[in-house]
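# Descriptive analysis of the structure
Here is what each chain is made of, one letter per residue.
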Amino acid sequence: MRIADHREDDSPEINLIPLIDVVLCLLIFFVVTTTFDARSVLKIELPKAGGEPATSANQPLGILINADGRYFVGDREVLRTDLDSLKQALADVAGSDRERVVLIRADARTPWQAVVTAYEALAQLGFRRIANATAPQVPAQGDRR
């Protein structure tokens, strides 16, 4: 005769809820502590020039052009490199303020067509105060001025 065993079988189970909680806490921690600075992401080499840096009262609108010819307006990346996409991004970021100074930061290896396209977009939108960012010229070892 078989005697029935009324105990339940111990089935192993993995509880994922504490793991999910830990992962979400880590994700929130990294998002909060990460700095979002466009200049640290983009590695551009500015052309060299002499002269004094310009000072302005209000914050200029920045256009970054990397060595591949990709545009970054403010802190937003322009997904396409055509003139209409650049004009739309400029209009979205600048709004109706056409007297704002526009600072173009183009990599020294940027194709010239990308820079000309940026100038054309700014001209068509009515921006007239345009500046180019350059790196200070470093004197050579033997040059003592």
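Residues numbered from 1 in each chain as written. Predicted model: local features only at pLDDT ≥ 70, side-chain atom pairs only at ≥ 80, totals over all residues. Heavy atoms only, no water.

Next up on the list: the overall build of the protein chain. Scanning the protein chain for helices and strands turns up 4 helices and 7 strands. When the elements of the protein chain are put in sequence order from the N terminus, they spell out α-α-β-β-β-β-α-β-α-β-β. Within the protein chain, buried positions represent 24% of all 145 residues. The long-range fraction of contacts in the protein chain, counting pairs at least 24 apart against all pairs at least 6 apart in sequence, stands at 72%. Carbon together with sulfur atoms contributes 55% to the accessible area of the protein chain, which is approximately 11400 Å² in total. (Helix = DSSP H or I, 4+ residues; strand = E, 2+ residues; numbered from the N terminus. Buried < 20%, exposed > 50% of the residue type's maximum accessible area, 1.4 Å probe, protein only. Contact = heavy atoms within 4.5 Å. Areas by Shrake-Rupley, 256 points an atom, 1.4 Å probe, with all protein chains shown as cover.)

A few words now on a nonpolar patch on the surface. On the surface, Ile14, Leu16, Leu19, Ile20, Val23, Leu24, Leu27 and Val31 cluster together into a nonpolar patch covering about 790 Å² of accessible area. With respect to the helices and strands, Leu16 occurs in the segment before helix H1 (17–33). (Patch = residues over 30% accessible without salt bridge, like charges linked within 9 Å, V, L, I, M, F, W, Y side chains within 5 Å. Salt bridge = Lys/Arg side-chain N within 4 Å of Asp/Glu carboxyl O.)

Attention now goes to the packing of helix H3 (residues 83–94) against helix H4 (residues 112–125). Where H3 meets H4, the axes come as close as 9 Å, and the angle between the chain directions of the two elements is 55°. By the angle class used here, H3 and H4 are oblique. H4 is crossed by H3, and the crossing has right-handed handedness. Facing Leu83, Leu86, Lys87, Leu90 and Ala91 of H3, the residues of H4 in contact are Thr117, Ala118, Glu120, Ala121, Leu122, Gln124 and Leu125. Here the residues of the contact of H3 with H4 sort into 8 nonpolar, 2 polar and 2 charged. (Axes fitted to C-alpha atoms, helices over the stretch in contact; angles between N-to-C directions. Parallel < 35°, antiparallel > 145°, perpendicular 65-115°, else oblique. Left-handed = near helix turned anticlockwise from the far one by under 90°. Nonpolar A, V, L, I, M, F, W, Y, C, P; charged D, E, K, R; others polar.)

What follows is about the pattern of salt bridges. This model, assessed by the stated rule, comprises 4 salt bridges. Its salt-bridge partner being Arg70, residue Glu77 comes within 3.0 Å of it at the nearest N-O pair. For Glu77, a relative accessible area of 40% corresponds to the partly exposed category.

Another point: the nonpolar core. Judged by nonpolar contacts, the single largest core of 20 residues is most densely connected at Ile65, Leu86 and Leu90. Listing elements by their share of this core, those giving two or more residues are strand E2 (61–65), strand E3 (71–73), H3, strand E5 (102–106) and H4. Ranked by the residues each element gives to this core, the list is headed by H4, at 6 residues. Excluding residues that lie within four positions of it along the chain, Leu86 makes contacts with Tyr71, Val73, Val78, Thr117, Ala118 and Ala121. (Core = buried A, V, L, I, M, F, W, Y, C linked by side-chain atoms within 4.5 Å.)

Our next topic: H4. Every α-helix carries 3.6 residues per turn, so stepping three or four residues along brings you back to the same face. Helix length check: H4 (14 residues) gives 20 Å between terminal C-alpha atoms against 20 Å at 1.5 Å per residue, within 8%. Listed in full, the buried residues belonging to H4 are Ala114, Val115, Thr117, Ala118, Ala121, Leu122 and Leu125. In an axial view of H4, the angular spread of the buried residues amounts to 160°, which keeps them on one side of the axis. Relative to its buried face, H4 has exposed residues pointing more than 90 degrees away, namely Trp112 and Gln113. Buried positions along H4 lie against E2, E3, H3, E5 and strand E6 (130–132). (Expected span 1.5 Å × (residues − 1). Arc of directions from axis to C-beta.)

On their own, these measurements won't tell you what the molecule is for.
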